[in-house]
Amino acid sequence: MAATSVEALEKRRIFGIISHPDAGKTTLTEKLLYHGGAIREAGSVKARKTGKAAKSDWMEIEKERGISVTSSVLQFEYDGKVVSIMDTPGHNDFGEDTYRILTSVDSAVMVIDAAKGVEAQTKKLFKVCSMRGIPIFTFINKLDRQAKDPLELLEDLEEALGLPSVAVTWPIGSGQLFEGVYNRMENCVLLYRSNEVIELGEDGVFGKELEGRISDANLDILRGEIELVDGAGNEFDKEAVDAGKLSPVFFGSALNTFGIDMFLNYFLKMTTPPLGRMSDQGVIDPVTEPFSAFVFKIQANMNKAHRDRIAFMRICSGKFEAGMEVYHAASKRKLKLSQPQQLMAQDRKIVEEAYAGDVIGVFDPGLFSIGDTLTFPGKKFQYEGIPTFAPEHFCRVVQMNTMKRKQFVQGVTQIAQEGAIQIFQEFTAGLSEIIVGVVGVLQFDVLKYRLENEYGCEIRLEPIPYNYIRWVKDPSTDLTKLKRVSDVKKVKDMKGNPLLLFANEWVINQVLEHNEGLELLEFRKN
């Protein structure tokens, strides 16, 4: 019964990167991997003409469109630490995938565009992080472009997110006048153009060391801002950071690889190793308890040559060893995890052992679902489920070539099991009519693209006039006996659970009013 050693646990760090689209999240991920020695050349998501694509944007549609449409799992070693990064889609249409990823991490890095401040999607993702109470580190990006006043940016964090912050580094100018950052903790300045470090004396930025090294105008502004920050800003408080109540802030330019190593070094010092995780039997200790893990992501066709399907699991306690037998709570049976791998986007290597805080991928023959718990045999607890959100957009899927029925059913089923879409069937029919529900309309494009490119199936998507879906809380409810449902579509999900599709909220209220005891749910837990 192998346990995780304290030494192995101390080395682990696992975090997610969140941002509004185009704030530079994937570029920052690339540069962190580059600094960690995981890749030799960092590709920008914008660099489609050069043929370089971001390592974390491995799917063909991501390379073509220059956006992240699926989360990516990336692991590397840096300065004695084993670091796992979860790069998430910034686009709102893929927010559900991001939410699932954020259930598997111990901390988050929030990337903010210095010219725009806190944006809509950042607010939504921040709420998820704050609900979990995980530490949030802020990287204010794109200082090489014209930016907002840094004091205004910190104020924005507090007002828009309710998140107090403490500046670890401070920018000296921005755009064409950007000259570097002041490291408040180590009392030194890192120059932008030369990457030279200027050590400051007891008087800090008010001493003579910076005179003649940066412009007089920038020096005057820097001194005024630091006087304000030192006098009225928050003090660094490790306990508040650990509780997600205070965010350390760093400034830099991911595209120009400036301020990245400084940020990474501080981040690894300030974050904690993996902590215990809540289950239906209380908190599971990562060191003393034997192996346990939960599935937070499933991805099919990462390797086109093999048409494989990988289940990603976060190890929460103990030590994983290749060939070991585990207990799968959902199927109530013991099994061996096949082909355990560690991932770098779509690249992979077979692993012999892994510890709490690591992410491994295992071959999935169609057995696993998102939210499944795996434990050492004899331990029968389950980790908290991962919510499935109610889709807001619905289409009927029409298959163009009926000769490819088998590939079509396999394709939509696999993509649905990944959590990218949700599929529903007519309550009284089989898969003869398939309705697809998505949280964001861009997911329809991804479905169409993947079915054509990965499964060779052309489809047509026909919108249907429903905007709301609700799970029926009691699955034994007889839908044929419900009243006032002439404008309601009755469907079932992949597990046979009954659901109702509605055109508007008024119809929902009418159905609840005329069916005493009926309970409807907006989301369910896997």
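Remember, predicted model here, so these are calculated numbers, not experimental data.

About the cut-offs
- Residues numbered from 1 in each chain as written.
- Predicted model: local features only at pLDDT ≥ 70, side-chain atom pairs only at ≥ 80, totals over all residues.
- Heavy atoms only, no water.
- Phe/Tyr/Trp six-rings, centres within 6.5 Å; stacked < 30°, edge-to-face > 60°.
- Helix = DSSP H or I, 4+ residues; strand = E, 2+ residues; numbered from the N terminus.
- Buried < 20%, exposed > 50% of the residue type's maximum accessible area, 1.4 Å probe, protein only.
- Lys NZ or Arg CZ within 6 Å of the ring centre and 35° of its normal.
- Pairing = 2+ DSSP bridges.
- Axes fitted to C-alpha atoms, helices over the stretch in contact; angles between N-to-C directions.
- Parallel < 35°, antiparallel > 145°, perpendicular 65-115°, else oblique.
- Left-handed = near helix turned anticlockwise from the far one by under 90°.
- Contact = heavy atoms within 4.5 Å.
- Expected span 1.5 Å × (residues − 1).

K.L.:
Provide a residue-level description of the packing of aromatic side chains, including the pertinent values.
P.N.:
Per the counting criterion, the structure on display carries 15 aromatic pairs. Taking the centre distance of 5.8 Å and the plane angle of 55° together, the rings of Phe291 and Phe320 count as tilted. Of this pair, Phe291 sits in the loop between strand S13 (282-284) and strand S14 (292-300) while Phe320 sits in strand S16 (residues 319-321); the two residues are 29 residues apart in sequence, bridging distant segments of the chain. On the basis of relative accessible area, Phe320 is assigned to the buried category, the value being 0%. With centroids separated by 5.4 Å and ring planes inclined at 80°, the aromatic side chains of Phe381 and Tyr383 adopt a geometry described as edge-to-face. Given the relative accessible area of 5%, Tyr383 is considered buried. The aromatic ring of Tyr266 is capped on one face by Lys269, whose charged end is 5.5 Å from the ring centroid.

K.L.:
Break down the sheet that holds strand S10 (residues 197-199) for me, with residues and values.
P.N.:
Here four strands make up an open sheet; going across it, the order is S7-S8-S9-S10 and the pairing antiparallel. Here the strands that pair on one side only, and so sit at the sheet edges, are strand S7 (169-172) and S10. The sheet shows a mean angle of 25° between the axes of neighbouring strands, direction not considered. Sheet analysis places strand S9 (residues 188-191) next to S10, joined by three bridges and oriented antiparallel. What sits directly across from Leu190, in S10, is Val197.

K.L.:
Please provide a residue-by-residue account of unusual backbone geometry, values included.
P.N.:
For residues that are not glycine, phi is negative in most cases, and the peptide bond is trans in most cases. Even without a glycine there, the phi angle at Thr257 is positive, about 50°. Mapped onto the secondary structure, Thr257 falls in the loop between strand S11 (247-251) and helix H9 (260-270).

K.L.:
I'd love a proper account of the packing of helix H10 (residues 405-417) against helix H11 (residues 442-454), names of residues and values included.
P.N.:
Working note: a packed helix pair is described by the angle between its axes plus the distance between those axes. Between H10 and H11, the least distance of the axes is 10 Å, while the angle of their chain directions is 135°. As far as their axial angle goes, H11 and H10 are oblique. Of the two possible hands of crossing, H10 and H11 adopt the one that is right-handed. Between H10 and H11, the residues in contact are Phe408, Gly411, Val412 and Ile415 and Leu447, Arg450 and Leu451, respectively.

K.L.:
Outline H10, supporting the account with residue identities and numerical values.
P.N.:
In a regular helix each residue adds 1.5 Å, so 13 residues correspond to 18 Å; H10 covers 18 Å between its end C-alpha atoms and thus fits that length. Listed in full, the buried residues belonging to H10 are Phe408, Gly411, Val412, Gln414, Ile415 and Ala416. Looking one or two residues past H10, Gly419 carries a phi angle of roughly 90°, positive in sign.

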